[in-house]
Amino acid sequence: MIKLSDFSSIFIANWKLNGNIEFINEYYQKLLPNPNNCTIVCSPSIFLNRLKNNSNNIFSGAQDVSFYNEGAFTGELSAKMLSNENISFCLVGHSERRQHFKENNETINKKSINLIENNIIPIICVGETLQEKEKQMTKEILKKQINECSPINSNFENTIIAYEPIWAIGSGLTPTLEEIEEVHTFIKKIDTKYNKFKVLYGGSVKASNSGEINSLKNVDGCLVGGASLKVDEFNKIIS
Ligand code: PEP
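These lines cover the structure that appears in this document, whether it is placed above or below. Think of each chain on its own: its residues are numbered from 1, step by step along the sequence as written. Only residues with pLDDT of at least 70 get local features here, since the model is predicted, and only at 80 or more are side-chain atom pairs given and counted; chain-wide, interface and lining totals rely on the full set of residues. Side-chain calculation: all heavy atoms of the structure are included, whereas hydrogens and water are not.

A word on the site of the ligand
Throughout, near means a residue has at least one heavy atom within 4 Å of the molecule or strand. Neighbouring residues of the ligand: 14 residues in total, closest Lys16, Glu164, Gly170, Ser204 and Gly225. We define a polar contact as two N or O atoms separated by no more than 3.5 Å, with the added condition that, inside protein, one atom must be a possible hydrogen donor and the other a possible acceptor, whereas residues neighbouring each other in sequence contribute only through side-chain atom pairs. Within the side chain of histidine 94, a nitrogen or oxygen atom sits 2.8 Å from an oxygen atom of the ligand. Glycine 226 places a main-chain nitrogen or oxygen 2.8 Å from an oxygen atom of the ligand. In the complex, 96% of the free accessible area of the ligand, which totals 290 Å², lies under the protein chains. Any residue outside Ala, Val, Leu, Ile, Met, Phe, Trp, Tyr, Cys, Pro, Asp, Glu, Lys and Arg is labelled polar, Gly included; the first ten of those are nonpolar and the last four are charged. Counted by class, the shell around the ligand contains four nonpolar, eight polar and two charged residues. Note on areas: Shrake-Rupley with a 1.4 Å probe; residue coverage comes only from the protein chains shown.

As structure tokens, this is what we get:
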């Protein structure tokens, strides 16, 4: 398993359902990773093995994994299959999967167990809706999501948490820096177990705000959606 403590920050590009072979070839030619950081590109799964070289701490990550290990589940990819292809990271519980594919904390927990058993680091995504934020329920929601999604055997070396307020994803809106720091500090204090976890921020991160967000004490990197599709912009974010 990759040693997370070797990196000062972790940056993840989440391409979602975007990209094609020309796009990928150009992207990997132009990507300029910062060797002190860990850079993970979550491409659509059919392209996971297009990244040939991880010598600069660039890794391919999957966007999802099956709940099941094997069997009659057409279209699914298991954690073992990802591990056979040397994939070291996988997003789980992204809000788009919770919303469109009815994932819940229980399925996310099981997927994370399957990943850890196969030496793949789950990046567990959590976050509140705008209504929940307005009702001041953010901390309560996050505590429940994190406690229910994190497998019993998860620890700071085999699991990453990504805080992604749902209302900030793709909207151009972000919490204030104070709010981000307060939430990340809260997450690390939910239980002593989470103290040393890497906690990433995601939601409308771009080159113009990534520096100040990533410099917050309890922010250990960023998960980037839309802005990661432009390699020049993503290069600025990870520099
Ligand atoms: C995401 O999809 O995880 C995300 C953070 O998207 P965006 O950066 O576009 O808000």
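Focus: the nonpolar core
Counting 50 residues, the largest nonpolar core has Tyr27, Leu31, Leu82 and Phe234 as the members making the most contacts within it. With four residues, the top contributor of residues to this core is helix H9 (residues 231–238). Apart from the residues lying within four places of it in its own chain, the contact partners of leucine 31 are Val41, Ile58, Val231, Phe234, Asn235 and Ile238. Side-chain atoms within 4.5 Å are what join buried Ala, Val, Leu, Ile, Met, Phe, Trp, Tyr and Cys residues into a set we call a nonpolar core. When a residue's accessible area, from a 1.4 Å probe over protein chains only, is under 20% of the maximum for its type it is buried; when over 50% it is exposed; and in between it is partly exposed. Membership of the second largest hydrophobic core comes to 18 residues, among which are Leu91, Ile121, Ile160 and Ala162. Put simply, DSSP marks the helices as runs of H or I at least four residues long and the strands as runs of E at least two long, and each gets a number from the N terminus on. The contact rule is simple, with two residues in contact once any of their heavy atoms fall within 4.5 Å.

So, the packing of helix H4 (residues 105–117) against helix H6 (residues 138–149)
A fitted line through C-alpha atoms represents every axis, and for helices the fit uses only the stretch in contact; the resulting angles, taken between N-to-C directions, go from 0 to 180 degrees. Between H4 and H6, the least distance of the axes is 8 Å, while the angle of their chain directions is 40°. The orientation of H4 with respect to H6, classified from their angle, is oblique. Packed against H4, whose contacting residues are Asn105, Ile108, Asn109 and Ser112, the element H6 presents Lys144, Gln145, Glu148 and Cys149 at the interface. When grouped by side-chain class, the residues that make up the contact of H4 with H6 number two nonpolar, four polar and two charged. Convention used here: angles under 35 degrees read as roughly parallel, angles over 145 as roughly antiparallel, angles from 65 to 115 as roughly perpendicular, and any remaining angle as oblique.

Some details on the pattern of salt bridges
Should a side-chain nitrogen of Lys or Arg be within 4 Å of a carboxyl oxygen of Asp or Glu, the pair is scored as a salt bridge. Under the defined criterion, the tally for this structure stands at eleven salt bridges. Residue arginine 97 pairs with aspartate 64 through a salt bridge whose shortest N-O separation is 3.2 Å. Note that arginine 97 is positioned in helix H3 (residues 95–100) and aspartate 64 in the loop between strand E3 (58–62) and helix H2 (79–84), a separation of 33 residues in sequence. Judged by its relative accessible area of 22%, arginine 97 is partly exposed. Lysine 111 is the partner of aspartate 64 in a salt bridge, and the nearest nitrogen-oxygen pair spans 2.8 Å. Taken together, the positions of aspartate 64 in the loop between E3 and H2 and lysine 111 in helix H4 put the pair 47 residues apart, joining distant regions of the chain. The same class applies to aspartate 64 and to lysine 111, which are both buried. A cluster of three or more residues bridged by salt bridges with shared partners is formed by Asp64, Arg97, Glu103 and Lys111.

Without other data, these values stay purely geometric and don't point to any function.
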